[in-house]
Structures are given as structure tokens and as C-alpha cells.
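Working through the structure, step by step
This is what each chain is made of:
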Amino acid sequence: MSRQVKIEIWVGLLVLMTLIAVAFIALKVSNFSAIQDRPSYQIHALFSHVGGLTQRAPVKVSGVVIGRVASIEIDPISYRAKVTMDIYNDYADLPQDSSASILTAGLLGSQYVGIEVGGEEDVLKPGDRINYTQSALVLENLIGQLMVKLTDGGDK
Amino acid sequence: MPTDCLIEIQNLTFYRGERKIFDDLSLTIPRGQVTAIMGPSGTGKTTLLKLIAGQLKPHAGRILVEGQDVHQLSRTALYQLRQRMGMLFQTGALLTDLTVFENVAFPLREHFKLAEPLLRTLVLMKLEAVGLRGAFDLMPAELSGGMARRVALARASVLDPKMVFYDEPFVGQDPITMGVLVDLIRKLNTSLDLSSILVSHDVNEVLSIADFACVLSEGKIVAQGTAQDLLNSDSEYVRQFIQGLPDGPVPLHYPVKPWADEWSTP
Amino acid sequence: MIFLRYLGSSSLEVLQALGKLAFFVFSVFPALPYSVWRFRLLLKQIYFTGVLSLPIILTAGLFVGMVLGLQGHNILTSFNAEEAVGTMTALSLIRELGPVVAALLFAGRAGSALTAEVGLMKSTEQLSALEMMAVDPMKFVVAPRLLACIITLPMLAMIFIAMGIFGGYLVAVGWLGLDEGAFWAHMNDQVDWHEDVINGLIKAIAFAVLIAIISLYQGYESVPTSEGVSRATTRTVVHASLGVLGLDFILTALMFT
């Protein structure tokens, strides 16, 4: 009987260790908490270029995560990228003239949507669109512009 | 003398690979008696038991146990038949991770839902019958070979089978254990109203308890009858086997070319 | 001629073995639900396959994680991206090394033990004895062990991963002085529960089935002598390890492309 008890205790310990490991991986390592369905509402924005933005990338205001990118698709009318975002209900009062831009965390980091809060009284309601957007920086375009500027400067 | 037959083997043929183990063998085993099947090592005595128990399939012929063709039975029916069979294996074949008690209780636990006190009484009775009630808490690794075989005997008889097969029960036992086992087999046979089938090559022990014995050689039965019949047999082969003569019909040498050929061919 | 004969006979042998294996698999899976009922039997097998593999999993996980942390730091420093050490450690552990290394260790520790145990049961006629007692060895011997493997290997893989990340943390933050916040935050950002962790778990389960089937089959079909059992044990480790690596490639190709 004592043998059986020993087995049971050890198996219990194994299960406990597994639970701790899974909890550690879920909470500390992965973004498990982020995809738990926090109550949220959807807004969207059109960008001419999303760069390396991916689904579930964070949406931030002043560096604080207020939501996640829900989907990225092509708007059939304007042929621009339509980024739909889930914004948590805690941040339900974003002014209507807020602007969205696609930014990069650090030099090599991942991309996220940064929202610059505007000053208007009216707030964005579920399904509304952010009108002011700034696309992702594309390195080639940037260099191109720089070259043009430099050559312009040389002409003067 | 066999009035009522328990097992009937008809024209059995069985191959192992290329080798013919049984060649058109027919045999009737009577009910309620101790039947011995004897023969030198490698004649397939154990194979015969496995064929009777349906663990192996014959290539030709059939085996009837209590009138049922073993190899035509469905799996369920075969398992039901096996509940009426007990088998004592050469090594005992106790389940190594269960205690002696649990080993004997195992078939009961598997097939019946008995109340724990009843089960305990039954198991201890069986252990008492083989004289090992005191050893119920030991693990199989702590038993001597003879004790393991006695526990296995208790286990084989715990379902009150109609027939018990003994596969070389005396191999490698000291004289005392042999005596104990001989006695036990005889006693179990009468007290439980069993039919015992004994496979062995320990001539003296076997002939002392067998009501009926047969001698196998090269896939055939060379002699059968009571112990007295065999002792008085005038077959040279039976004499060689029973008296243990080194040379006779069964040659000492493995089949070999004559010496002369060994050198003449380069 | 000889070559053709060799080719023919060996392919026949392979086909025969595959047929036997398929038969084995088909007869063990129906017996699986039955082994859930045998709770004590299952518990014992979880103890033998899981708990006894725990020390090796813990140490190996810690060391693999520490090596990853060290190498990751060395490589990423040249890109000025040390804060990605955590991500790199976590992702390689969760996606590949956790399930694969845990499975390889499991094959060596538990798989070989299973083969030896079942082979020994066969050579001491215990399997025959079970059949004679009208108990199906598939239900009593094989199924509980298979189920135990399916339960324990994912658990061990998770423990291995957690241990590895902890090892990486020790090296990167504790020893090399990386900022703790950066280590966790970056990792947290990049590791996806669904995409990475669940896929890693699926891998571990697939490996468990593979290892258990191979080792139990080898034990069940081993030649019942001591030489036969030891050969079967060696074969288990070789076949299971190669099988795990091959299957890992297939699964990775299916999951992460």
C-alpha cells in the first residue's frame, strides 16, 4: 500500500510541476493573456502601406497597449490596406480626430500601430474609421526621397 | 480405459518454419485423469499445449476440447473456454510487479466482481492448498523457483478450472520440491475433480502419478498406455527414453556425413 | 542475381514487418479506452514513464536553455539585438527543442525501458500466461503503457521548455547582465500561445504516440531470449530517435510554413 501511496504522490508532483510550467509559459512567456477575450470594440483605418504589420500586433497610445490588430485586408474600393483593430472597452473614448501610424519598436523590432490622440469632443464609435493615417516607413522609398533631396540640394 | 474423452486431437499437422513439428498426430485425452505427454526435448510438447489452448493455429487437422473445435471459436468464446483451463508455465510466469496475493487474485479480479473479504478468503484458501499462505505478501522476485511454481499452481486453479496443463513442472527442481509438486498435482486432481495434462521428460516422477501416458517422437506418438504398459513396452525407442540410455534409436550424433566423406570431398 | 535476391527478400521482410506493425496498431487502439478504467494501472505507468524521466528532463532542459541563452547572446550582440535573446531561446525551445529533445530523451529513458519490460514479460511467458487467463495482453499490458506515454510526454515537454527558458534567463539576465524587463517583454511580444505553444504540444503528442508504438511493438515482437530483448531495446532507441527527427521535419513543414 505504501508503494501505491508513493506512486500517487510522485504522479501528483509531476502534474503539479506540469501545471506550473504551463502557467509560466502561458503568463510569462507567451501572449496567452492578450488573446483572452477582453471586451473590446472594433475600429479600422486605411493605410497605403502596412509594412511588416501582422495580426495581433499591439495597438498603442503613448506606448501603452490599448488593443490588438484583428485583421489586415485590402479595401475593395480604395485598394488600400484596411487594418481592423480590437480596442479594449476600457479605452472607449478615443477622439474622432485621432491619427494612426505604423511604427517600429526599436531598429529591428516588430511593428505596431501607434495612435496619436486628437482633441475633438466626439469619440470613435464601434465600426468607425480613423481618417488620419501615416503608413509604415519603407526603407527603399526613404532612401529614394533622400537621394532626390540630396541631388536637389546639389543643383542649387 | 479412457471412457470419457476431454480433448481430442485429430490428424494434427504443424510446422515451425520449414520444420515439421507434428505429423498427422491423433490423440485422445481422457477426462478426470492425469495424462502425461512425454518425449525428449525439442519434440514440441509445449507447442502441443499451446495448440490445445488456441495460442497457435495448426496447419492441418483439428483439436476438440469438450467437443468444441478450438480454432474455429470466436475470440470471446475462446476466452470463455480458457477460463475453464489453467496452465502452469515452465517458469511460473507470475506477473513480476504484483505480490503473490495479487497474482493469485488476478484472474478473479479480471473476470468476476467479488467482494474483497470473499476474494481474500478464496485466494488464501488456494495459497493454503499449496502451502504458501504465509508468503502472500512477497514479490515474485523473492520466491524460489519451486515456490514460484506453487504460487503459479494456486493461480492456475483459482478459477476452479476443468482442466490444468502443466508445462514441464519438474524441470530444474530439487528432489524435495519435485516431491512436493508431484504430490500437489495428484491431490489437486482428485480434490478439484480436474483433468490434468502433464508435459514432461522427467520419466520417474511422471510415471508415478500419470494414469495414462504417451510418448512423442518426431511428431508422432510412439507409445501410449498406462505407466505399467510403458515400462513393459518392447519398443526399443520407449526403452531408451524411459531408461535414459545414451544410444539407441535416438542417435547420440546430430545427422552428419560419414568421416570418409569429410576428407574425400575437398 | 545475388543482389536481386537480396533486394527481393529484404523488401519482403520490410513489408511483413509493416503489416505486423499495422496489425499491432489496429489492435491496440480499440483497447485504449479500456485502459482509462484501469486507473491504478495507468497511474503506475505514468509513474514509470513520467516521474522516472523527470530528473533527466529537468537537467537537460536547464542546460539546453543555458546554452541557448549564451549562444543567443553571443550572436545577437553582433546585431545589437541582445534583447531578442529571450525570444530566441523561448521560440526555439517551444517550437523545436522542447518537444524534440524531450522526445529523444524519453525514447532513451522510457521507450527502451518499455521495450525491455514487455520483452521480458514475453520471454518469461507472462504474456502467454495472461492469454491463458483469458486476459488480453493488449488491454492489460500494451494499452495502459501507450496511454501513459501520450499523457506524460507532453507534460515532460512543457516542463523541459519552462526549465529551458529559466536556464536562458539565468545566463542572459543573471550572468550576462541583460535587462530583465527587456528579456521578458520582448519574449512576451513575440511568442504566440496558439501558433507556437499549441503546435509544440501537438508535436509532443505525436512523438509520444510514435515512441510508444515503436517501443511496445519491439517488446511485443521481440525474440524471447535475453539476446533478443537487448537487440529489441537497441532497435527501439534507434528507430524511435530517427522517427522523431523525421516526423519533426514533416510536422514543422505542415505547421510553420
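Scroll up to find the structure this text is about.
The next thing to look at is the overall build of chain C. Of the regular secondary structure elements, chain C holds ten helices and zero strands. Each helix and strand of chain C, placed in order from N terminus to C terminus, yields the pattern α-α-α-α-α-α-α-α-α-α. For chain C, the spread of C-alpha atoms along the principal axes amounts to about 65 × 55 × 30 Å. The buried share of chain C, reckoned over its 257 residues, is 52%. Relative to all contacts within chain C whose residues are 6 or more apart in sequence, the contacts with residues 24 or more apart total 84%. As displayed, chain C offers around 11300 Å² of accessible surface, 72% of which is attributable to carbon and sulfur atoms. Counting 13 positive and 17 negative side-chain charges, chain C places the averaged centre of each group 18 Å from the other.

Here we take up the sheet that holds strand β1 (residues 5-16) of chain B. Residue and element names in this part refer to chain B. Read across the open sheet, the four strands follow the order β2-β1-β4-β5; overall the sheet is antiparallel. Each edge of the open sheet carries a strand with a single partner, namely β2 (19-30) and β5 (68-69). Bridge analysis of strand β4 (residues 60-65) against β5 gives two bridges, and the strand direction is antiparallel. Bridge pairing in β5 links L64 to D69.

Let's shift gears to the interface of chain C and chain A. The interface of chain C with chain A comprises 31 residues on the first partner and 27 residues on the second. Of all residues in chain C, Y47, M155 and W193 of chain C give up the largest surface area on contact with chain A, accounting jointly for 23% of the area buried on that side. At the boundary of chain C with chain A, the tally comes to zero salt bridges. In this assembly, chain C and chain A are joined by zero residue pairs in polar contact (both at pLDDT 80 or more).

Turning our eyes to something else, we now look at helix α10 (residues 226-255) of chain C. Helical geometry: 3.6 residues make up each α-helical turn, so side chains three or four residues apart lie on a common side. In this model, α10 of chain C (30 residues) spans 42 Å end to end at C-alpha, consistent with the 44 Å of a helix rising 1.5 Å per residue. If you follow the buried residues of α10 of chain C, they end up packed against α5 (85-123) and α9 (193-220) of chain C.

Remark on secondary structure: sheet strands pair via backbone hydrogen bonds, oriented parallel or antiparallel. Residue and element names in this part refer to chain B. Taken in spatial order, the six strands make up an open sheet running β6-β7-β8-β3-β9-β10, and their pairing is mixed. Two strands close off the open sheet at either side, each with one partner strand: β6 (85-88) and β10 (220-225). If you compare each strand with its neighbour and ignore which way they point, the axes differ by 15° on average. For β6 and strand β7 (residues 163-167), the ladder comprises four bridges, and the chain directions are parallel. Of the residues in β7, the one forming a bridge with G86 is V164. Relative to the sheet, helix α6 (residues 175-191) contacts β3 (34-38), β7 and β8 (195-200), its axis offset from that of β8 by approximately 155°.

Turning to the pairing of strand β1 (residues 40-47) of chain A, a few remarks are in order. A regular strand places its side chains so that they alternate between the two faces of the sheet. Residues and elements named next belong to chain A. Extensive coverage of β1 is indicated by the burial of six of its eight residues. Across eight bridges, β1 lies against strand β4 (residues 81-88) in antiparallel orientation. Following the sheet pairing, Q42 is matched in β4 by D86. Pairing of β1 with strand β7 (residues 129-130) involves two bridges; the strand directions are parallel.

Residues and elements named next belong to chain B. Taken as a whole, this structure holds 18 salt bridges over all chains when the rule is applied. A salt bridge links K220 to D23, with the shortest nitrogen-to-oxygen separation between them at 3.2 Å. Remark: D23 occurs in strand β2 and K220 occurs in strand β10; sequence separation between them is 197 residues. For K220, a relative accessible area of 41% corresponds to the partly exposed category. Of the residues examined, D23 reaches a relative accessible area of 24% and is grouped as partly exposed. Each of K20, D23 and K220 takes part in salt bridges that share partners, so that together they form one network.

Turning to the interface of chain B and chain C, a few remarks are in order. Across the contact, 25 residues belong to chain B and 18 residues belong to chain C. The tally of links from chain B across to chain C stands at three salt bridges. Here E131 of chain C and R82 of chain B are joined by a salt bridge, their closest N and O atoms 3.9 Å apart. Taken together, the connections running from chain B to chain C amount to five residue pairs in polar contact (both at pLDDT 80 or more). Elements with a minimum of two residues in the side of chain B that touches chain C: α2 (75-82), β6, α3 (100-111) and β7 of chain B. Looking at which element gives the most residues to the side of chain B that touches chain C, the answer is α3 of chain B, with four residues.

How each quantity is defined
- Residues numbered from 1 in each chain as written.
- Chains lettered and ligands numbered in written order.
- Predicted model: local features only at pLDDT ≥ 70, side-chain atom pairs only at ≥ 80, totals over all residues.
- Heavy atoms only, no water.
- Helix = DSSP H or I, 4+ residues; strand = E, 2+ residues; numbered from the N terminus.
- Buried < 20%, exposed > 50% of the residue type's maximum accessible area, 1.4 Å probe, protein only.
- Contact = heavy atoms within 4.5 Å.
- Areas by Shrake-Rupley, 256 points an atom, 1.4 Å probe, with all protein chains shown as cover.
- Lys, Arg positive; Asp, Glu negative; His and termini not counted.
- Charge placed at Lys NZ, Arg CZ, Asp CG, Glu CD.
- Pairing = 2+ DSSP bridges.
- Buried area = accessible area lost by both parts, 1.4 Å probe.
- Salt bridge = Lys/Arg side-chain N within 4 Å of Asp/Glu carboxyl O.
- Polar contact = N/O pair within 3.5 Å; in protein donor to acceptor, adjacent residues only side chain to side chain.
- Expected span 1.5 Å × (residues − 1).
- Axes fitted to C-alpha atoms, helices over the stretch in contact; angles between N-to-C directions.

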